[in-house]
Structure formats: C-alpha cells, structure tokens
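# Residue-level structural notes
Residues per chain are reported as follows:
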Amino acid sequence: TGAALMLESMGRLNQKHLIIFVVLKDPLFQDIQSASIEDLDTVTRAVVSSGLKQQKDSVLLQLRRMGVEILETTADALFQDLTRRYLNLKRQERI
C-alpha cells in the first residue's frame, strides 16, 4: 500500500535525517465525525471517515515510534507551527 511504502521510505530517511512530517487537519473530517446521524448517507460518511482516521492514526503512531517528528496543524497555522517546531528542535540541539 501507499502507507507501507511511505513508512519504508521514512525509515531509510530517518537513519540520517531528522524528519518533520506535516499532517494538515481536514475540517471536513472533523465536521463529518461530529455530525448527527440522520440518514444512510451520513452513516456512510461517518464510517468512511472513521476508517480513514484509524488508518491515519496507525501510520502516525508507527512514524512516532520510528522517531519522526509529527506536526498536526491547519493550513492557516502551518508556517507559524512549523517555524515554532523547528526552533524548538534547534533549541534542543536536535538540529
């Protein structure tokens, strides 16, 4: 799968580099998960969304175990959050 290939590649990269893996939060998924279930379409969206979230959480857990830095943020806050994370890593002398 795509996730397996990505994990394999990250494992190789992580041997020589510090990786900051950016995950953009999708407000659509949050809306779907918090929506009240009213009909079959809503149930279908909730089930699919839940499955995708479980897959994402599984991949992120594996990346964390490998020592990859994970940054979950919104598109609007990406620049500030990434800069903050970089400076924190630099302050910790990891870069």
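The text that follows walks through the structure, step by step, so that each part is easy to find. Keep in mind that what you see is a predicted model, and the values were worked out from it rather than measured.

### Quick look at the overall build of the chain
When helices and strands are tallied, the chain shows four helices and two strands. For the chain, the α and β elements follow one another from N to C terminus as α-β-α-α-β-α. Compactness check: the chain gives a C-alpha radius of gyration of 16 Å against a globular reference of 12 Å for 95 residues, more than 25% above the reference. Reported as C-alpha extents along the three principal axes, the dimensions of the chain are approximately 50 × 30 × 15 Å. Scored against the burial criterion, the 95 residues of the chain give a buried share of 21%. At a minimum sequence separation of 6, the contacts of the chain that also span at least 24 residues come to 63%. Carbon and sulfur atoms provide 56% of the accessible area of the chain, an area that totals close to 7000 Å².

### A short note on the pattern of salt bridges
Evaluated as defined, the whole model comprises seven salt bridges. Between Arg 85 and Glu 69 there is a salt bridge; the shortest N-O distance is 3.0 Å. You can see Arg 85 sitting in helix H4 (residues 78-91) and its partner Glu 69 sitting in strand E2 (residues 69-73), a full 16 residues away along the chain. Note on Glu 69: relative accessible area 15%, which makes it buried. For Arg 84, the salt bridge identified is with Asp 81, shortest N-O distance 2.8 Å. On the criterion of helical spacing, the pair formed by Arg 84 and Asp 81 is a turn pair, its members being three residues apart in helix H4.

### Description of the environment of Ile 32
For Ile 32, the location among the structural elements is in helix H2 (residues 27-34). Note: C-alpha distance between Ile 32 and Asp 81 (49 residues apart in sequence) is 25 Å. When near neighbours in sequence (up to four residues on either side) are disregarded, Ile 32 contacts Arg 45, Ala 46 and Ser 49.

### Description of the pairing of strand E1 (residues 20-24)
Residues Phe 21 and Val 23 point to one face of E1 and are all buried, whereas Ile 20, Val 22 and Leu 24, pointing to the other face, are not buried. Bridging between E1 and E2 involves five bridges; their strand directions are parallel. When the bridges of E2 are listed, Phe 21 appears paired with Ile 70.

The rules behind the values
- Residues numbered from 1 in each chain as written.
- Predicted model: local features only at pLDDT ≥ 70, side-chain atom pairs only at ≥ 80, totals over all residues.
- Heavy atoms only, no water.
- Helix = DSSP H or I, 4+ residues; strand = E, 2+ residues; numbered from the N terminus.
- Rg over C-alpha atoms; globule rule 2.2 N^0.38 Å.
- Buried < 20%, exposed > 50% of the residue type's maximum accessible area, 1.4 Å probe, protein only.
- Contact = heavy atoms within 4.5 Å.
- Areas by Shrake-Rupley, 256 points an atom, 1.4 Å probe, with all protein chains shown as cover.
- Salt bridge = Lys/Arg side-chain N within 4 Å of Asp/Glu carboxyl O.
- Pairing = 2+ DSSP bridges.

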